[in-house]
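Understanding the architecture of this molecule
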Amino acid sequence: MVMSTSVVLVICSLTVLFGAMSRMESTRPLFSTLGMSDLVSAPVSRRMLVGTLASISGGMLAAVWVWVIQRQSIIGSTTLCESSSGCAQALSSQTMNTIPFSNLEFGLFFILMFSILGFLALSIHLEPTWSKAGGFLSWGRTIGGISTLIALWMTITHLLMVDDSPAICPICIVLLAANIVTMMQFNLLLASHSDGSWNSN
């Protein structure tokens, strides 16, 4: 794997991991270390919103990287991963890297999805007591679920259907993880908003 892709893989993995762990009590000191000391004593939902934004950021970066590799592969060869790597094998086939019944590439689709999810999460983060927060959380869970299903389809395609399969693409696995974490965070946030624990520590 090329160095720049390795660095992106580490950054994406860490942000998604942070997003997944943001709900845990053990992460309270971590927020202080990262310069968000006001969140140490804030309700769990506020920390989870920051964690959701982190997983969305990691997913967005991974999606951009996947899309660039796909675009380079169409032109001829990619400079972002070795030609013999699982990454190049998985993303070089144009026909296997589009959403079924459309011509939309996986990378571009996930960029669009994470942009929408980021807008929803950021809107709630900036105004947690907003009357429409529940509706935005519901939309986030639905869109996150759709995006996760497409990410699962992409992973299955790479493992079973491309030439030289199974082709294991680490950045695509992180992209799948980002989708799952984001969907679960929206689901937990919606449950917290619905059962009245939205403002509890």
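Residues numbered from 1 in each chain as written. Predicted model: local features only at pLDDT ≥ 70, side-chain atom pairs only at ≥ 80, totals over all residues. Heavy atoms only, no water.

1. Focus: helix H7 (residues 170-194)
The first and last C-alpha atoms of H7 sit 36 Å apart over 25 residues, in line with the 36 Å expected at 1.5 Å per residue. Directly after H7, the chain includes Gly196, whose backbone phi takes a positive value near 85°. (Helix = DSSP H or I, 4+ residues; strand = E, 2+ residues; numbered from the N terminus. Expected span 1.5 Å × (residues − 1).)

2. Thoughts on the environment of Met36
Looking at the secondary structure, you find Met36 in the loop between helix H2 (28-33) and helix H3 (44-75). Taking C-alpha positions, Met36 is 9.9 Å from Val50, a pair spaced 14 residues apart along the chain. Those residues in contact with Met36 that sit more than four places away from it in its chain are Phe18, Phe31 and Val50. (Contact = heavy atoms within 4.5 Å.)

3. Things to note about the environment of Ser37
Turning to its location among the elements, Ser37 is positioned in the loop between H2 and H3. Owing to a relative accessible area of 49%, Ser37 belongs among the partly exposed residues under this scheme. Those residues in contact with Ser37 that lie beyond four places of it in its chain are Phe31 and Ser32. (Buried < 20%, exposed > 50% of the residue type's maximum accessible area, 1.4 Å probe, protein only.)

4. Considerations on a nonpolar patch on the surface
A cluster of nonpolar residues, Leu149, Leu152, Trp153, Ile156, Leu159, Leu160, Met161, Ile168 and Ile173, forms a patch on the protein surface that exposes about 820 Å² of accessible area. Here the nonpolar patch gets six residues from one element, more than from any other, and that element is helix H6 (residues 133-160). Among the structural elements, Ile168 can be located in the loop between H6 and H7. Exposure remark for Ile168: the relative accessible area of 53% places this residue in the exposed category. (Patch = residues over 30% accessible without salt bridge, like charges linked within 9 Å, V, L, I, M, F, W, Y side chains within 5 Å. Areas by Shrake-Rupley, 256 points an atom, 1.4 Å probe, with all protein chains shown as cover. Salt bridge = Lys/Arg side-chain N within 4 Å of Asp/Glu carboxyl O.)

5. Some words on the packing of H6 against H7
Where H6 meets H7, the axes come as close as 8 Å, and the angle between the chain directions of the two elements is 155°. As far as their axial angle goes, H7 and H6 are roughly antiparallel. Considering how the two elements wind past one another, H6 and H7 form a crossing that is left-handed. Its residues assigned to classes, the contact of H6 with H7 shows 15 nonpolar, twelve polar and one charged. (Axes fitted to C-alpha atoms, helices over the stretch in contact; angles between N-to-C directions. Parallel < 35°, antiparallel > 145°, perpendicular 65-115°, else oblique. Left-handed = near helix turned anticlockwise from the far one by under 90°. Nonpolar A, V, L, I, M, F, W, Y, C, P; charged D, E, K, R; others polar.)

6. Notes on the confidence of the model for the protein
Averaged over the protein, the pLDDT score is 81; the fraction of residues at 70 or greater is 84%. The lowest-confidence element of the protein is helix H4 (residues 86-91), averaging 64 in pLDDT; the highest-confidence one is helix H5 (residues 106-126), averaging 92. (pLDDT = per-residue confidence, 0-100.)

7. Structural notes on the nonpolar core
Core analysis: the biggest nonpolar cluster contains 44 residues, and Phe110, Phe114, Ile124, Leu137, Ile171, Leu175 and Phe186 have the highest contact counts within it. Contributions of two or more residues to this core are made by helix H1 (3-21), H3, H5, H6 and H7. Sequence-distant contacts of Phe114, defined by excluding residues within four places in its chain, comprise Ile56, Gly59, Met60, Ala63, Leu175, Ala178, Asn179 and Thr182. In this structure, Phe18, Ala42, Val50 and Ala54 belong to the second largest nonpolar core, which totals six residues. (Core = buried A, V, L, I, M, F, W, Y, C linked by side-chain atoms within 4.5 Å.)

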